[in-house]
Amino acid sequence: MSARLAQKIAFTILLLATLLVVLPVIFILGIIVAKGASAISWEFLFSMPRDGMTAGGIFPAVLGTLYLVLGAVLFAVPLGVLAAVYLVEYSSDNWFSRLVKLAIVNLAGVPSVVYGLFGLGIFVTFFRFGASILSGSLTLGIMILPVIITSAREALESVPRHFRTVSLSLGASRWQTIRHSVLPHALPGILTGMILGLGRAAGETAPILFTVAAFYLPRLPQSVFDQTMALPYHLYVISTQVPGIAENVRYGTALVLLTLVLLLNLAAIVLRSRFRRKKKW
Amino acid sequence: MSMSGIAIATQRLDLFYGDFQALTAVDLQVPEREVTALIGPSGCGKSTLLRVFNRMNDLIDGVRVSGQVLIGGKDIYAVDADLLRLREKVGMVFQRPNPFPLSVFENITFGLAVHQLAPRREYDMIVEKALRSVLLWDDLKDKLQRSALGLSLEQQQRLCIARVLPLKPQVLLMDEPCSALDPIATLHIEELMQKLKQEYTIVIVTHNMQQAARASDRTGFMYLGKLVEFGLTAKIFTQPAQELTENYISGRFG
Ligand SMILES: Nc1ncnc2c1ncn2[C@@H]1O[C@H](COP(=O)(O)OP(=O)(O)OP(=O)(O)O)[C@@H](O)[C@H]1O
Ligand SMILES: [Mg+2]
């Protein structure tokens, strides 16, 4: 077999494998768009649900999801970045830092329903936040912490050593060095992790099930201690719990959720490539 | 500075990396406003000795230093020594040109900002002065906001020298500053050192014997962590006192 033929075969196999990955995604998207697009309207996006969710819009769920995601990020990003800074810049390779790293890896593999139960136990019951945006955000925040810490760690580790050396050699303190010579250059990676976390937090149902999500609440939350509707749970409810909901409403809701998550991921990709073009070391 | 025109003085300086002794009983006196070259075969401890002077060795786990190191008459390893201030006053230029991926301007003001040495309105003036000192002003005066990574290697290395000048250092440490540069650029940096030594004490590590001979006033020859011989460059290169030194500079090993 000639080298060229071998290359052709290998190339074809790779192409097929890629198609195999992409096709289902396109298929799912296609179905959702085909069946759901007709439901999308200004009213659908921005009005309250009516008549036991069979009519009206999904605005409280959209807004609720945005609140939850925002809350999760406000909680998880500062905490995650600080943890990553500690692990990369301060801790030496001792049993404690190894334990923390191991914990983070394991946390990433915990099923989301376990986070839900954890949130119920800690935030709803123990801290008495009740089923509320606060509890839900914190639960989602904890769920996305591993993603954020891991990507922040990788981002920090990819900042060349000599940035730190030079900065310290100019008499900058350790913290000044991190603040001015390391963090700015790790920002794209940190942002990417943040947006991946955003996407995950927006899409998960189980963590918000017991901690915040309302079955049917046709008004907007007034404070962080209020319950709220949220898109993933709303989708679950109208798909399985309430009979007589038009198909295009169900798929329309899915389309909104999917678009939200895809937009967030797209933002991550754009940000990353923007920053990548700028960095040249 | 200190009484006798000595910028750096070490006494019975030992340094260990864990169990490995990298410097043994180094006694060295570096005069002010001269270029002092450190030469010797690879691994003899030149970089280690240089990093003693701004305590960059402190960053390495398991380093132990004993003996005394005076810079400007002050014991830099004293318990109450101010590490950040030491590094402000003892600047370092590295082997590979390593500007930050920032603009030319920001590279030069980095140290100023860190030490809050001057109000922002003086930055323009200080940047110009620093660039003039390294003879870059005419080339770069219209490119101050460009990324420093777009400069030629020689320009980058000059910029790295300019970056430490706003801190008004007393000593400039240079660890093989020309090893990434071509011969012409190397000569330019050597000329620059002659100019800078009117204001600063310079200690340079080099593998290039001609460079030591051309550019330095005094030379120290190191071998296996010991300072074998130290003296006027002219004397070291013509009538070394030690046979080891003679063997090294005549190229019989190294
Ligand atoms: N971080 C470190 N940990 C352990 N040993 C080290 C470390 N850095 C240097 N050494 C050892 O200390 C000795 C001196 O190293 P140093 O880098 O000072 O030599 P050098 O004279 O600068 O060599 P070169 O000319 O190759 O740059 C070497 O034997 C080296 O292996
Ligand atoms: Mg060296």
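For the structure itself, consult the block above.
Residues numbered from 1 in each chain as written. Chains lettered and ligands numbered in written order. Predicted model: local features only at pLDDT ≥ 70, side-chain atom pairs only at ≥ 80, totals over all residues. Heavy atoms only, no water.

## Describing the overall build of chain A
A count of helices and strands for chain A gives 11 helices and 2 strands. N-terminal to C-terminal, the α/β element order of chain A is α-α-β-β-α-α-α-α-α-α-α-α-α. With the principal axes as the frame, chain A shows a C-alpha extent of 70 × 65 × 35 Å. The 281 residues of chain A split such that 44% are buried. Taking as baseline every contact in chain A between residues at least 6 positions apart, the subset at least 24 positions apart corresponds to 74%. Entry remark: accessible area of chain A is about 14,800 Å², with carbon and sulfur atoms responsible for 70%. The average position of the 22 basic charges and that of the 9 acidic charges among the side chains of chain A differ by 12 Å. (Helix = DSSP H or I, 4+ residues; strand = E, 2+ residues; numbered from the N terminus. Buried < 20%, exposed > 50% of the residue type's maximum accessible area, 1.4 Å probe, protein only. Contact = heavy atoms within 4.5 Å. Areas by Shrake-Rupley, 256 points an atom, 1.4 Å probe, with all protein chains shown as cover. Lys, Arg positive; Asp, Glu negative; His and termini not counted. Charge placed at Lys NZ, Arg CZ, Asp CG, Glu CD.)

## Some details on the sheet that holds strand β2 (residues 20-31) of chain B
Residues and elements named next belong to chain B. Pairing is antiparallel across the open sheet formed by 4 strands, whose spatial order is β2-β1-β4-β5. The sheet terminates laterally at β2 and β5 (74-75), the two strands that pair on one side only. Relative to strand β4 (residues 63-71), strand β1 (residues 6-17) runs antiparallel, the two sharing 8 bridges. Residue pairing across strands places Asp-14 opposite Ser-66, the latter belonging to β4. Where helix α1 (residues 46-53) meets the sheet, it contacts β1, β2 and β4, and its direction lies at approximately 120 degrees from that of β1. (Pairing = 2+ DSSP bridges. Axes fitted to C-alpha atoms, helices over the stretch in contact; angles between N-to-C directions.)

## Focus: the interface of chain B and chain A
How big an interface is tends to be stated in terms of the accessible area lost upon association of its parts. Residue-level contacts link 21 residues of chain B with 17 residues of chain A. Together, the buried faces of chain B and chain A total about 1,600 Å²; carbon and sulfur atoms form 74% of this surface. Run the count over chain B and chain A and you get 0 salt bridges. Put simply, the parts of the chain that give the side of chain B that touches chain A at least two residues each are α2 (83-89), β6 (90-93), α3 (104-115) and α6 (153-164) of chain B. Among the residues forming the side of chain B that touches chain A, the class breakdown is 14 nonpolar, 4 polar and 3 charged. (Buried area = accessible area lost by both parts, 1.4 Å probe. Salt bridge = Lys/Arg side-chain N within 4 Å of Asp/Glu carboxyl O. Nonpolar A, V, L, I, M, F, W, Y, C, P; charged D, E, K, R; others polar.)

## A look at a nonpolar patch on the surface
A surface patch of nonpolar side chains, amounting to about 780 Å² of accessible area, comprises Leu15(A), Leu16(A), Leu19(A), Leu20(A), Val21(A), Val22(A), Leu23(A) and Ile26(A). Within the element layout of this structure, Leu15(A) appears in helix α1 (residues 3-36). (Patch = residues over 30% accessible without salt bridge, like charges linked within 9 Å, V, L, I, M, F, W, Y side chains within 5 Å.)

## Remarks on the pairing of β6(B)
Residue and element names in this part refer to chain B. Every second residue of β6 is oriented toward a common face, with Val-90 and Met-92 on one face and Gly-91 and Val-93 on the other, all of them buried. Where β6 meets strand β7 (residues 171-175), 4 bridges bridge the pair, whose relative direction is parallel. Residue pairing for β7: Val-90 is matched across the bridge by Val-171.

## Notes on unusual backbone geometry
Residues and elements named next belong to chain B. Although it is not a glycine, Leu-135 adopts a positive phi angle of roughly 60 degrees. On the secondary structure map, Leu-135 appears in the loop between α4 (123-133) and α5 (137-140). Phi at Glu-176 is positive, roughly 45 degrees, even though this residue is not glycine. Position of Glu-176 relative to the elements: it lies in the loop between β7 and α7 (183-196).

## Topic: the side chain of Asp175(B)
Residues and elements named next belong to chain B. Of note, Asp-175 is situated in strand β7. The side chain of Asp-175 sits in the buried core without any salt bridge; Arg-51 is the nearest counter-charge, 5.1 Å away. Among the polar contacts made by the side chain of Asp-175, one reaches the side chain of Ser-47 at a distance of 2.8 Å. (Polar contact = N/O pair within 3.5 Å; in protein donor to acceptor, adjacent residues only side chain to side chain.)

## Quick notes on the environment of Leu262(A)
Relative to the helices and strands, Leu262(A) is located in helix α11 (residues 247-278). Remark: the alpha-carbon pair of Leu262(A) and Pro49(A), spanning 213 residues in sequence, is separated by 24 Å.

## Structural notes on the packing of helix α3 (residues 59-90) of chain A against helix α6 (residues 133-157) of chain A
Relative orientation and spacing of two packed helices are given, respectively, by the angle between their axes and the distance between those axes. All names here are of chain A. Remark: α3 packs on α6, axes separated minimally by 6 Å, with the N-to-C direction vectors making an angle of 35 degrees. For α3 against α6, the interelement crossing comes out right-handed. The class makeup of the residues in the contact of α3 with α6 is 22 nonpolar, 5 polar and 3 charged. (Left-handed = near helix turned anticlockwise from the far one by under 90°.)

## Quick look at the site of ligand 1
Residues and elements named next belong to chain B. With respect to spatial proximity, 13 residues lie near ligand 1, and among them Ser-42, Lys-46, Ser-47, Thr-48 and His-207 are the closest. Ser-42 places a side-chain nitrogen or oxygen 2.4 Å from an oxygen atom of ligand 1. In the environment of ligand 1, an oxygen atom lies 3.3 Å from a nitrogen or oxygen atom belonging to the backbone of Cys-44. If ligand 1 stood free it would expose 640 Å²; the protein chains cover 65% of that surface. For the shell around ligand 1, the element with the highest residue contribution is α1, accounting for 3 residues. In terms of residue class, the shell around ligand 1 is built from 5 nonpolar, 6 polar and 2 charged. (Near = heavy atom within 4 Å.)

## Description of the packing of aromatic side chains
Inspection of every chain in the model, using the stated rule, returns 14 aromatic pairs over all chains. Plain terms: the ring middles of Phe126(A) and Phe127(A) are 5.3 Å apart, the flat faces sit at 75 degrees to each other, and that makes the pair edge-to-face. Residue Phe127(A) is classed as partly exposed on the basis of its relative accessible area of 44%. Just above the ring of Phe16(B) sits the side chain of Arg64(B); from NZ or CZ to the centre is 4.5 Å. Its guanidinium or amino end placed over the ring of Phe100(B), Arg163(B) lies 5.0 Å from that ring's centre, counting from NZ or CZ. (Phe/Tyr/Trp six-rings, centres within 6.5 Å; stacked < 30°, edge-to-face > 60°. Lys NZ or Arg CZ within 6 Å of the ring centre and 35° of its normal.)

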